[in-house]
Amino acid sequence: MTGRPLRILLAMCYLVHRTGAEMFTRDLALWLRRRGHAVTILATAFGDMADELRHASIACITDVADMAARPDVIIGNTHHETVRALLHFHDVPVLTICHDRSAEHGRPPQFSQVVRHIAVDENCAERLVHEFGIEREHIELIQNGVDLSRFLPRTPLPAAPRSALVFSNYASHDAQLEEIRAACAERGLTLDVIGSGTGNHLPDPAAALGRYDVVFGKGRCATEALVTGNAVVVLDPSSGMGEMVTAATVAHARRWNFGRALMTRPITRQNVMAELDKFDAQDAGEAAAWMRANGGLDATLSALETCVRRMTDGREIIAVPAEQRAREMARYMDDWIRRGSATTAHLGLASLHQHVAGLHQALNDHHRAHQAQIEAWRAEAQRQSEQAAALAVKLQAAETALAAQQRDAESALAAASTAHAALSARLDEAGSRLANAERQAFDNVAGMDARLREVYASRSWRVTAPLRQISTFIQARVQRP
């Protein structure tokens, strides 16, 4: 750090919901403290961020009178809190930051103590010029940055996206979200939502962003997604939608803070699908590389510190004549009366936000419980479907085997029938031949019997009978031992 440490008072309406302006104020306070400056935050209401800030030795107050030491500079982030601070410290130079084009808190205080105006994008700069008559040369463009040490690059994107995220505190379970969900489902992407509007608020989303391929978001959410390496579609349920950020358009979109000036189309299924169809992993990687080179928090906060140094060097005290201060105060009071009590409104709004956040959390808890039950039913149905499919495969295999066995049996039966027929034919043929042989043998025996009878009956047989007897006697004698 160059130069002496400064006492810096940051004015903010409240630190409750971690919106873009709130997170900017927190990051600025922590960075300035690390740079050796003494930092105090004035706000109407604090949430859990106060514990984090106080742990970092940053004072958090709701009454400006509690700050005993005079600050060297006031950095005002919201209108009425800035006025509270500058009226109490009436000679301290003031720097105001316009965070929003239309919100009440974005109106710049019209006091002579304000010596410099900062706009976070071109849209806010236009508001300061065209609604409040501030010269453009008195407005410095210092855009919100991202802590690159927290938002680390994700692994390279796949060739085709598989998962998507709506990253917005303004998203809720409404028709716009259903249009996005239907478009993602039609393109085969799963969809999650991170943001207080759905009760799924993450104090530190850095680790979660790397799990998604496409992120729908605006402003700070879009910036954080881009430096992480996600493909980003500029979109917010409260404002509409723009286009997929590409390497060719990222510089222009950055100057407009990925904000509402770019969101000129309604959120419809067809519009969302058209942007999803532009997904290009290599182009998204180039856009992310540009964003990491140009969107770091250190560059943003260094520019702010430089601006503060220029304000305080040689201008430690702003001397405003009493008559001029009275006119400025009268104008402010007239505006305050017409618009109503800002403090009461902020307190009521903060309370309402907390109540709505509680309702959203309860709704989201019920939604998650129902979703878990639905997933359990789907898992059971899937399990039973897989079992039925397995049984069907087994049944099909059994039917196939049975059909094969039946075909084999039929083939064997046909072969046996053929063999039986052939054997029967051969048996019939053999029987016929045997019968013929028997008839022929019978005929032969009958013929021989007839011939023998003829021989016995012949005269030669009778004449030769003595000779046959003599031959028989001789043979018997010869054969005796």
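Please refer to the structure higher up on the page.
Reading the values: rules and limits
Residues numbered from 1 in each chain as written. Predicted model: local features only at pLDDT ≥ 70, side-chain atom pairs only at ≥ 80, totals over all residues. Heavy atoms only, no water. 1 Å grid on protein atoms, 1.4 Å probe; cavity = no way out; pocket = protein on both sides within 12 Å on 5 of 7 lines; lining within 4 Å. Points joined across faces, edges and corners; volume = space filled by probe spheres on them. Helix = DSSP H or I, 4+ residues; strand = E, 2+ residues; numbered from the N terminus. Disulfide = S-S within 2.5 Å. Buried < 20%, exposed > 50% of the residue type's maximum accessible area, 1.4 Å probe, protein only. Pairing = 2+ DSSP bridges.

**Topic: empty space enclosed by the protein**
Next up, step 1: Summed over all chains, the structure comprises three cavities of 30 Å³ or more.
Next up, step 2: Its boundaries defined by the atoms lining it, the largest cavity holds a volume of some 70 Å³.
Next up, step 3: Every residue lining the largest cavity is counted, 16 residues in all, and those nearest its centre are Thr96, Ile97, Arg107, Pro108 and Pro109.
Next up, step 4: Counting only elements with at least two residues in the lining of the largest cavity, the list comes to helix H3 (79-88), strand E7 (94-98) and strand E8 (114-119).

**Let's talk about the state of the cysteines**
Next up, step 1: Evaluation of the coordinates by the stated rule reveals zero disulfides.
Next up, step 2: Summary of cysteine pairing: cysteine 13 is not part of a disulfide, and the nearest cysteine sulfur, belonging to cysteine 98, is at 13 Å.
Next up, step 3: Of all cysteine sulfurs in the structure, the one in cysteine 13 sits closest to cysteine 60, which takes part in no disulfide; the separation is 14 Å.

**Points about the pairing of E8**
Next up, step 1: Within E8, five of the six residues are buried, which leaves the element mostly enclosed by the surrounding structure.
Next up, step 2: Inspection of the sheet shows E7 paired to E8 by five bridges, in the parallel sense. What sits directly across from cysteine 98, in E8, is alanine 119.
Next up, step 3: Of the strand pairs in this sheet, E8 and strand E9 (residues 139-141) are connected by three bridges, and their pairing is parallel.

**Focus: the environment of alanine 175**
Next up, step 1: Tracing the sequence through the fold places alanine 175 in helix H5 (residues 175-186).
Next up, step 2: In this structure the C-alpha to C-alpha distance between alanine 175 and arginine 35, which are 140 residues apart in sequence, comes to 46 Å.

**Quick notes on the pairing of strand E14 (residues 240-244)**
Working note: regular strand, side chains alternate between the two faces of the sheet.
Next up, step 1: In terms of burial, E14 is largely enclosed, as four of its five residues are buried.
Next up, step 2: In the sheet, strand E13 (residues 231-236) pairs with E14 via three bridges, with the strands oriented antiparallel. Paired with valine 233 across the two strands is methionine 244, which belongs to E14.
Next up, step 3: If you look at the hairpin formed by E13 and E14, you'll find three residues sitting between the two strands.

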